[in-house]
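# Working through the structure, step by step
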Amino acid sequence: MAKTEILAFRVAPELKRELQRMADDDQRALSQVCEMLLCEGVEAYKKEGPKFLQRLVAKQKARAKDS
């Protein structure tokens, strides 16, 4: 599959550091790790539908509350 599209968005510095650490540990590019995680998220959404995102939002809210 040809990669012809660009996707850009802002993330928290802490998240970028974590993603970069994962990429470094696995000797991959940051973009490769992000693409793999996004692809897995899309596949999970296809299986579970909106419940998948609702679960992620709930986890995110719980993490923010604990911080």
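Structure first, text after, so check above.
A few points on the structure. (Residues numbered from 1 in each chain as written. Predicted model: local features only at pLDDT ≥ 70, side-chain atom pairs only at ≥ 80, totals over all residues. Heavy atoms only, no water.)

Moving on: the pattern of salt bridges. For the structure shown, the criterion picks out six salt bridges. In this structure, Glu 35 engages Lys 3 in a salt bridge whose closest nitrogen and oxygen atoms are separated by 2.8 Å. Residue Glu 35 is found in helix H2 (residues 30-48), and its partner Lys 3 is found in the segment before helix H1 (13-25); the two are separated by 32 residues along the sequence. Look at Glu 35 and you get partly exposed, because its relative accessible area is 33%. Lys 3 gets classed as exposed once you look at its relative accessible area, which sits at 66%. Residues Arg 21 and Asp 25 are paired through a salt bridge, measuring 2.7 Å at the closest nitrogen-oxygen approach. (Salt bridge = Lys/Arg side-chain N within 4 Å of Asp/Glu carboxyl O. Helix = DSSP H or I, 4+ residues; strand = E, 2+ residues; numbered from the N terminus. Buried < 20%, exposed > 50% of the residue type's maximum accessible area, 1.4 Å probe, protein only.)

So, to be careful, I would describe these as geometric facts and stop short of saying anything about function.
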